[in-house]
Amino acid sequence: MGREYDLHFSFGGKDVVAKTDARKVILVGDEVGVSFDSEKAHLFDPISTKAIY
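Residues numbered from 1 in each chain as written. Predicted model: local features only at pLDDT ≥ 70, side-chain atom pairs only at ≥ 80, totals over all residues. Heavy atoms only, no water.

## Looking at the environment of D30
1) Next: Tracing the sequence through the fold places D30 in the segment after strand 2 (14-21).
2) Next: For D30, the side chain forms a polar contact with the main-chain nitrogen of L27, separated by 2.8 Å. (Helix = DSSP H or I, 4+ residues; strand = E, 2+ residues; numbered from the N terminus. Polar contact = N/O pair within 3.5 Å; in protein donor to acceptor, adjacent residues only side chain to side chain.)

## Looking at the environment of R3
1) Next: For R3, the position within the fold is in the segment before strand 1 (4-11).
2) Next: Taking the C-alpha atoms as reference points, R3 and R23, 20 residues apart in sequence, are found 7.3 Å from one another.
3) Next: Leave out the neighbours within four places in its chain, and R3 touches T20, D21 and A22. (Contact = heavy atoms within 4.5 Å.)

## Focus: the pattern of salt bridges
1) Next: What the rule picks out here adds up to two salt bridges.
2) Next: Close ionic contact of D6 with K19 constitutes a salt bridge, the shortest N to O distance being 2.8 Å. Of this pair, D6 sits in strand 1 while K19 sits in strand 2, and the two are 13 residues apart along the sequence.
3) Next: The class for D6 is partly exposed, based on a relative accessible area of 42%.
4) Next: Residue K19 is classed as exposed on the basis of its relative accessible area of 57%.
5) Next: The closest approach of N and O atoms between D21 and R23, which form a salt bridge, is 2.5 Å.
6) Next: According to the relative accessible area criterion, D21 is partly exposed, its value standing at 34%. (Salt bridge = Lys/Arg side-chain N within 4 Å of Asp/Glu carboxyl O. Buried < 20%, exposed > 50% of the residue type's maximum accessible area, 1.4 Å probe, protein only.)

## Examining unusual backbone geometry
1) Next: Of note in the backbone geometry, T49 takes a positive phi value of approximately 65° without being a glycine.
2) Next: Its relative accessible area of 58% is what places T49 among the exposed residues.

## Side note on the layout of surface pockets
1) Next: As a volume, the largest pocket reaches approximately 1,000 Å³.
2) Next: Taken together, 24 residues make up the lining of the largest pocket; nearest its centre are F9, V16, V17, A18 and F36.
3) Next: Elements supplying a minimum of two residues to the lining of the largest pocket: strand 1 and strand 2.
4) Next: Per-element accounting of the lining of the largest pocket gives the leading share, eight residues, to strand 2.
5) Next: Residues of the lining of the largest pocket, tallied by class, amount to 13 nonpolar, four polar and seven charged.
6) Next: What the second largest pocket holds in volume is close to 190 Å³.
7) Next: Among the residues making up the lining of the second largest pocket, the classes are represented as eight nonpolar, one polar and one charged. (1 Å grid on protein atoms, 1.4 Å probe; cavity = no way out; pocket = protein on both sides within 12 Å on 5 of 7 lines; lining within 4 Å. Points joined across faces, edges and corners; volume = space filled by probe spheres on them. Nonpolar A, V, L, I, M, F, W, Y, C, P; charged D, E, K, R; others polar.)

So, in structure tokens, the structure goes:
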């Protein structure tokens with residue numbers, strides 16, 4: 001219902017959440033391509049949960 005989707009998936013054995021524009025309908029089970037802009041990425045330490053980048 002908002003402007004973005006939160007996509008939850010596994011990558012390299014890790015859980016990942018990606019935000020994407022909601023103008024295109026994406027349904028559970030759909031196959032999507034994923035890329036990211038490293039300038040906008042937020043990475044967190046899995047132990048401390050503090051931002052590392």
